Amino acid sequence: MPNKGKLAVEEKVRLIESYLSGKIGGIEASRQAGVDYKTIARWVSRYRTEGPTGFLPQEHDRAYSKETKLSAVLDYLSGQGFPAENMRGI
């Protein structure tokens, strides 16, 4: 397999679209990307649900202000929000 660096978003999309159109197989896509076939399967699933934008970097570790955190805790302690009984089946 090729070196295992991060693939550009455009390259992932090109590979997945080639795979979905039948131009290349899953094994060939995994070989070109330098990843396991299971990774290609995950990419295909993401592409089908989110489209090409599913491969764009996502924001992680959101920072909330102390005020927002305190408000959430106070709401929880006072019983506001979604009671546990209403969460079943969600």
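Below is a short write-up of the structure. What you see is a predicted model; the values in this text were computed from it and never measured.

### Describing the packing of helix α1 (residues 9-20) against helix α2 (residues 26-33)
Here comes step 1: Two numbers describe how α1 lies on α2: the axes approach to 9 Å, and their chain directions differ by 165 degrees. When the axes of α1 and α2 are compared, the pair comes out roughly antiparallel. At the point where α1 passes α2, the crossing takes the right-handed sense. Here α1 contributes R14, L15 and Y19 to the contact with α2, which in turn contributes G26, A29, Q32 and A33.
Here comes step 2: Taken together, the residues that form the contact of α1 with α2 break down as four nonpolar, two polar and one charged.

### Looking at helix α3 (residues 37-50)
Here comes step 1: Between the first and last C-alpha of α3 there are 20 Å, a value that for 14 residues agrees with the 20 Å anticipated at 1.5 Å per step.
Here comes step 2: Along α3, the residues that are buried comprise T39, I40, W43, V44 and Y47. Projected down its long axis, α3 shows its buried positions confined to an angular sector of 140 degrees, all on one face. In this structure, α3 carries K38, R42, R48 and T49 as exposed residues pointing more than 90 degrees from its buried face.
Here comes step 3: Between the side-chain oxygen of the N-cap and the backbone nitrogen of K38 there are 3.0 Å, and the N-cap of α3 in question is D36.
Here comes step 4: Note on α3: the residue one or two positions beyond its end, G51, has a positive phi of about 75 degrees.

### Let's talk about the packing of aromatic side chains
Here comes step 1: In total, this model carries one aromatic pair according to the counting rule given.
Here comes step 2: Residues W43 and F55 carry aromatic rings whose centres are separated by 6.4 Å and whose planes lie at 85 degrees to one another, so their mutual orientation is edge-to-face. Taken together, the residues W43 in helix α3 and F55 in the loop between α3 and α4 (66-77) connect sequence positions 12 residues apart.
Here comes step 3: The class for W43 is buried, based on a relative accessible area of 9%.

### Remarks on the packing of α2 against α3
Here comes step 1: Between α2 and α3, the least distance of the axes is 8 Å, while the angle of their chain directions is 100 degrees. Taken together, the axes of α2 and α3 are roughly perpendicular relative to one another. On α3, the residues touching G26, I27, A29, S30 and A33 of α2 are Y37, I40 and W43.
Here comes step 2: In terms of residue class, the contact of α2 with α3 is made up of six nonpolar, two polar and no charged.

### Structural notes on a nonpolar patch on the surface
Here comes step 1: Together, L70, V73, L74, Y76 and L77 give the surface a local cluster of nonpolar side chains, amounting to about 580 Å² of exposed area.
Here comes step 2: Structurally, the position occupied by V73 is in helix α4.

Quick notes on the rules
Residues numbered from 1 in each chain as written. Predicted model: local features only at pLDDT ≥ 70, side-chain atom pairs only at ≥ 80, totals over all residues. Heavy atoms only, no water. Axes fitted to C-alpha atoms, helices over the stretch in contact; angles between N-to-C directions. Helix = DSSP H or I, 4+ residues; strand = E, 2+ residues; numbered from the N terminus. Parallel < 35°, antiparallel > 145°, perpendicular 65-115°, else oblique. Left-handed = near helix turned anticlockwise from the far one by under 90°. Contact = heavy atoms within 4.5 Å. Nonpolar A, V, L, I, M, F, W, Y, C, P; charged D, E, K, R; others polar. Expected span 1.5 Å × (residues − 1). Buried < 20%, exposed > 50% of the residue type's maximum accessible area, 1.4 Å probe, protein only. Arc of directions from axis to C-beta. Polar contact = N/O pair within 3.5 Å; in protein donor to acceptor, adjacent residues only side chain to side chain. Phe/Tyr/Trp six-rings, centres within 6.5 Å; stacked < 30°, edge-to-face > 60°. Patch = residues over 30% accessible without salt bridge, like charges linked within 9 Å, V, L, I, M, F, W, Y side chains within 5 Å. Areas by Shrake-Rupley, 256 points an atom, 1.4 Å probe, with all protein chains shown as cover. Salt bridge = Lys/Arg side-chain N within 4 Å of Asp/Glu carboxyl O.

Such coordinate-based values are descriptive only and should not be taken to indicate function.
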